[in-house]
Amino acid sequence: MKKKMLAAVLYAPGDLRYEEIEVSRIGADDVLLKVKAAGNCGSDLQRIMVEGTHTFPCIPGHEFSGEIVEIGHKVDSFKIGDKVTAYPLIPCMRCEWCLQGEYNLCEDYDYLGSRCDGAFAEYVKVPASNLIKLPREVGFEEGAMTDPACVALHGIKRAGGIRIGQSVAILGVGPIGMLACQWAGAMGAGKIIAVDIIEDKLKIAKDLGADVLINA
Ligand SMILES: [Zn+2]
Ligand SMILES: [Zn+2]
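The protein has the name Galactitol-1-phosphate 5-dehydrogenase in an unreviewed UniProt entry, where Aerophobetes bacterium is given as its organism. Under the heading Cofactor (unreviewed entry), UniProt records this for the protein: "Zn(2+)". Looking at the Sequence similarities (unreviewed entry) heading of the UniProt record, one finds this comment for the protein: "Belongs to the zinc-containing alcohol dehydrogenase family."

Structure follows, in structure tokens:
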């Protein structure tokens, strides 16, 4: 196992350095992933250029996929070579919300790429309980989009879901809206209406299944 790796490390807003650092040591319940693909989220741009990460120095990157190259001795549900993606929020598992399974409300969470080191690096350490195994036919780049795809699906569920044949309007077709277009198609929507003020985004939405484009 390599001891050093290259990573994009954020020291302050606007101060991202590509440098050689130590590879993280894993604990008994963690795995080490060789990062194969990582997305650049809108929140990463904001974090890197404006707001900063929660702690410094920190490696950003929370939507990614990779291959397991090292495994903690208590981990038995995964093995070396598994192709995985990960849920970036690491719940404390102790607070009243975690005990009820409401991990998104955790009062003392960690977060890959913001509160602890993320995936803009050759390797990333992840607790095994945060891993999701990727099917063989899903590529690493597609797998890295699991987190934003879930964000889009969550939005659709909060809006009441989609019934087969129902018309769907998507206001704003940035990356999440584009994923929502694809979910709407996969869920059997009738007419998909994409609304945005950027013509290029509307064109992509059309390729992804939007039937009606509105520039407004
Ligand atoms: Zn994100
Ligand atoms: Zn908690």
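Now that the structure has been shown, the text picks up again.
(A) Fine view of the coordination of the zinc ion (ligand 1). At the metal site, the zinc ion (ligand 1) is ligated by Cys41 (SG) and His62 (NE2), and these contacts range over 2.1 to 2.3 Å. Of this pair, cysteine 41 sits in the loop between β3 (30–38) and α1 (42–51) while histidine 62 sits in the loop between α1 and β4 (64–71); the two residues are 21 residues apart in sequence, bridging distant segments of the chain. You'll find cysteine 41 and histidine 62 in the same group, each marked buried.

(B) View of unusual backbone geometry. Look at the link from phenylalanine 56 to proline 57: it is a cis peptide, with omega at -15°. Structurally, the position occupied by proline 57 is in the loop between α1 and β4. Of note in this structure, methionine 93 is not a glycine but carries a positive phi near 65°. The exposure class of methionine 93 is partly exposed, given its relative accessible area of 42%.

Cut-offs and rules
Residues numbered from 1 in each chain as written. Chains lettered and ligands numbered in written order. Predicted model: local features only at pLDDT ≥ 70, side-chain atom pairs only at ≥ 80, totals over all residues. Heavy atoms only, no water. UniProt positions renumbered as here; feature names shortened; annotations may be inferred. Donors = N, O, S within 2.8 Å, 3.2 Å for Na, K, Ca; no water. Helix = DSSP H or I, 4+ residues; strand = E, 2+ residues; numbered from the N terminus. Buried < 20%, exposed > 50% of the residue type's maximum accessible area, 1.4 Å probe, protein only.

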